[in-house]
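Observations on chain architecture
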Amino acid sequence: MVTENLKAKVNNLNFYYGNTQVLKNNNLPIFEKKITALIGPSGCGKTTFLRCFNRMHDLYHNNRYEGEIILYPDNINIISPLIDPIEVRMRIGMVFQKPNPFPKSIYENIAFGLRIRGIKKKSIIDEVVEKTLKDAALWDDVRDRLHSPAFNLSGGQQQRLCIARALATNPEILLFDEPTSAIDPIATGKIEELMVELKKKVTIIIVTHNIHQAARIADYTAFMYLGEIIEFGPTEKIFTVPSDKRTELYISGKFG
Amino acid sequence: MKNQLGKIKENIIEMLLFLSAIFSIIITGSIVFILFYESIGFFKEVSIIEFLTGKEWTPLFANPKFGVLPLIAGTFLTTGIAISIALPLGLIAAIYLSEYATHRVREILKPVLEVLAAIPTVVYGYFALLFLTPLLQKFIPQISSFNALSPGIIMGIMIIPYVTSVSEDSMRAVPMHIREGSYAMGATRFQTAIKVIIPAAFSGIGAGFTLGISRAIGETMVVAIAAGMMPNFTLNPLEPVQTFTSYIVQVSLGDVPHGTLEYKTIFAAGVTLFLITLIFNIIGFWLKKRIIIRGVY
């Protein structure tokens, strides 16, 4: 654990929806090119926590962050009001709970991130489309119909397309918000394999309802309860010798 | 017994619903029937070729000419001016209301915009004639006091709420997680609106455009008042023109005897207008089917 590089560090993070405090004084290290899982019962604030990393809360009114999320190596606080959320989102990608491809072709879905960054050259876009579709293990399924609508894909394929879309712009961190909760078990297996493969290139933070999923793929796991991170550590330790009683109860399926 | 009563009640309700559904179809059918029936009489006396290719429309003169091209030109000219104002402005307003405005701003702006649609068209007509035309004359001295430009612009303003309202509804119906997907990629609001929301809401926006264009083609009062009632085969917006609708008004108001050829011209004009809007709607429908990517929400 000591030898890992820090990619980000959450310091005393509080978050409020209006006057309601949802996250309470959270601290968490995020290690580079590792998978960090956030687990905990519904409504514990895992998704809210995750969405701080790409400033998604800025889209809605009356939300307030306190504390800091330091992104390394530049040492900037990405939740500071002085930092443009668009800049943060350019560096930190996200895959959502429900596959949300744009109403465009498969090709254009992947090209989207490049186009909004001003890249127009077809040869570059072609290359990135092929590469990311291969990285997302989707290339063989779609190579013959790159220009057909993304909606024609199955749910699992759509989710892999969304992963490819996020990868196309080389994010430093990739956030996954329960990426397999709307997908069947076989497609889930493929996406889990994919995430393990992806951590060679990118730091991953995943929110999951499925504790077995966390046990299977995560290097580190944080257990959240009522807006607080109760316990954080290497996944094996959390799942074998949790130090907090609540973590133990949750993992053994006694509540949540 | 009770069960049977319920069944009868159920049948009566179904019958009533069916009748109200079929009612509008019957009315539309009868209108189309009468239009075609009356214009058959007209085309017995005037050849379709002369009607479609003639460049003069003077049915009420002693030596009548029945070329419909001036009415087509007048209608297309005023409609063209109107939609070149209404479609862009209406869409921009919809983008603003749906993607930029805060809840409070939208709650104030939307009803205000809809008031535009509640103003009687005759008021718009006089506004074009007595306010906008004199104003235009200051900048374009050669413009006639009756012209296509002024009512065209006013019609455009009049139609904006229709375009905006329908487009905005369909843009707001695009689910939030699609929007978030775009923002999460680092897109700005504008990029999200243009590249994601508009394509996703395309069918609704197309419906708004179709509605706006139909309103422009069918609009009567504004052009009758401010465009001059002069069948003029021109595409010059500074000259007076006459549209199908304002011609029909002109004849309906005058003392043309029932059953004469002059009387039948309004049905011929009506049929032509009907066919133009029909063709336009079919094209719109076809475009929609071709352009829309399937599976839109």
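Report follows, based on the coordinates. (Residues numbered from 1 in each chain as written. Chains lettered and ligands numbered in written order. Predicted model: local features only at pLDDT ≥ 70, side-chain atom pairs only at ≥ 80, totals over all residues. Heavy atoms only, no water.)

**A look at the overall build of chain B**
What counts, and what does not: Helix and strand definitions follow DSSP, with helices as H or I runs of at least four residues and strands as E runs of at least two, each counted in order from the N terminus. In what follows, residue pairs with any heavy atoms lying within 4.5 Å of each other are defined as contacts. We count Lys and Arg on the positive side and Asp and Glu on the negative side, and we leave His and both chain ends out. Here the site of a charge means atom NZ of a Lys, CZ of an Arg, CG of an Asp or CD of a Glu.
Scanning chain B for helices and strands turns up 12 helices and 0 strands. In sequence order, chain B lays out its α and β elements as α-α-α-α-α-α-α-α-α-α-α-α. With the C-alpha coordinates of chain B rotated into their principal frame, the extents come out at 75 × 70 × 35 Å. For chain B, the share of sequence-separated contacts (at least 6 apart) that also reach a separation of at least 24 residues comes to 70%. Distance between charge centres in chain B, computed from 20 positive and 16 negative side chains, equals 11 Å.

**Things to note about the overall build of chain A**
As a reminder, the rule being used: Using C-alpha atoms as the atom set, the radius of gyration is obtained and then compared with a globule rule of 2.2 Å times the number of residues to the power 0.38. Relative accessibility under 20% of the residue-type maximum defines a buried residue, over 50% an exposed one, and the middle range a partly exposed one, all with a 1.4 Å probe and only protein chains included. Calculation of accessible area relied on Shrake-Rupley with a 1.4 Å probe; when residues are assessed, cover is drawn exclusively from the protein chains displayed.
When its secondary structure is counted, chain A shows 10 helices and 10 strands. Whereas a compact globule of 256 residues would reach a radius of gyration of roughly 18 Å, chain A reaches 18 Å, a difference of no more than 12%. The principal-axis extents of the C-alpha atoms in chain A amount to approximately 55 × 40 × 35 Å. By residue count, 56% of the 256 residues in chain A fall in the buried class. Looking at chain A alone, contacts between residues at least 24 apart form 66% of all its contacts between residues at least 6 apart. Total accessible area computed for chain A in this model is approximately 11,200 Å², and 50% of it derives from carbon and sulfur atoms. If the 33 positive side-chain charges of chain A are averaged to one point and the 29 negative ones to another, these points end up 3 Å apart.

**What to know about the sheet that holds strand β8 (residues 203–207) of chain A**
Residue and element names in this part refer to chain A. Basically, it comes down to this: Two strands qualify as a pair provided that DSSP identifies no fewer than 2 bridges between them. Convention adopted: a line fitted to C-alpha atoms gives each axis, helices being fitted over their contacting stretch, and angles between N-to-C directions are expressed from 0 to 180 degrees.
In spatial order, the strands read β6-β7-β8-β3-β9-β10; together these 6 strands make up an open sheet with mixed pairing. Where the open sheet ends on each side, the last strands, each with one partner, are β6 (92–95) and β10 (228–234). Each strand of the sheet is rotated relative to its neighbour by a mean of 20 degrees, with strand direction disregarded. Bridge count for strand β7 (residues 173–177) against β8 is 5 bridges, and the pairing is parallel. What sits directly across from Leu175, in β8, is Ile205.

**Some remarks on the nonpolar core**
Operational definition: We define the nonpolar core as a collection of buried residues of types Ala, Val, Leu, Ile, Met, Phe, Trp, Tyr and Cys that are connected through side-chain atoms lying within 4.5 Å of one another.
Among the nonpolar cores identified, the biggest contains 50 residues, and Phe42, Trp57, Leu149, Phe244 and Tyr247 of chain B are the most heavily contacted of them. Per element, the largest residue contribution to this core is 9 residues, and it comes from helix α12 (residues 261–291) of chain B. Aside from chain neighbours lying at most four places away, what touches Tyr247 of chain B is Trp57, Pro59, Leu60, Leu71, Gln242, Glu262, Thr265, Ile266 and Ala269 of chain B. In this structure, Ile106, Leu138, Ile217 and Ile230 of chain A belong to the second largest nonpolar core, which totals 46 residues.

**A few points about the pairing of strand β3 (residues 35–39) of chain A**
Residue and element names in this part refer to chain A. The buried count for β3 comes to 5 of 5 residues, which makes it a mostly enclosed element. Where β3 and β8 come together, 4 bridges link them in parallel fashion. Paired with Thr36 across the strands is Ile205, a residue of β8. Relative to strand β9 (residues 220–225), β3 runs parallel, the two sharing 4 bridges.

**Side note on the pattern of salt bridges**
Residue and element names in this part refer to chain A. Inclusion rule: Put simply, a salt bridge is a Lys or Arg side-chain nitrogen that is within 4 Å of an Asp or Glu carboxyl oxygen.
Per the counting criterion, the structure on display carries 24 salt bridges over all chains. Residues Asp58 and Arg55 are paired through a salt bridge, measuring 2.8 Å at the closest nitrogen-oxygen approach. Residue Asp58 is classed as partly exposed on the basis of its relative accessible area of 31%. On the basis of relative accessibility, which here comes to 3%, the residue Arg55 falls in the buried class. Across the pair Arg216 and Glu192 runs a salt bridge, and its minimum N-O distance is 2.7 Å. Taken together, the positions of Arg216 in helix α8 (residues 211–217) and Glu192 in helix α7 (residues 185–198) put the pair 24 residues apart, joining distant regions of the chain. By relative accessible area, Glu192 is classed as buried at 7%. One network of salt bridges, in which partners are shared, links Lys7, Asp74, Arg91 and Glu172.

**Considerations on helix α6 (residues 155–167) of chain A**
Given 3.6 residues per helical turn, the α-helix brings residues three or four places apart onto the same face. Rules: Expected span of a helix, by definition, is 1.5 Å for each gap between consecutive residues, and there is one gap fewer than residues.
Between its terminal C-alpha atoms α6 of chain A stretches 18 Å, which fits the 18 Å expected from 13 residues at 1.5 Å a residue. Taking burial as the measure, the 13 residues of α6 of chain A include 12 buried ones, the bulk of the element.

**Structural notes on unusual backbone geometry**
Cis geometry is adopted by the peptide bond preceding Pro73 of chain A, which originates at Tyr72 of chain A and carries an omega value of 5 degrees. By the secondary structure assignment, Pro73 of chain A is in the loop between β4 (63–71) and β5 (76–77). Unlike most non-glycine residues, Leu226 of chain A shows phi in positive territory, near 50 degrees. Phi angles above zero are rare outside glycine, and Met229 of chain B is one such case at about 55 degrees. Turning to its location among the elements, Met229 of chain B is positioned in the loop between α10 (221–226) and α11 (244–253).

**Points about the sheet that holds strand β1 (residues 6–17) of chain A**
Sheet strands line up and pair through hydrogen bonds in the backbone, either parallel or antiparallel. Residues and elements named next belong to chain A. Strand order in the open sheet made by the 4 strands is β2-β1-β4-β5, with antiparallel pairing throughout. On the outer flanks of this sheet lie β2 (20–31) and β5, each paired with one strand and no other. Here 8 bridges tie β1 to β2, and the two strands are oriented antiparallel to one another. The partner of Val10 across the bridge, within β2, is Leu28.

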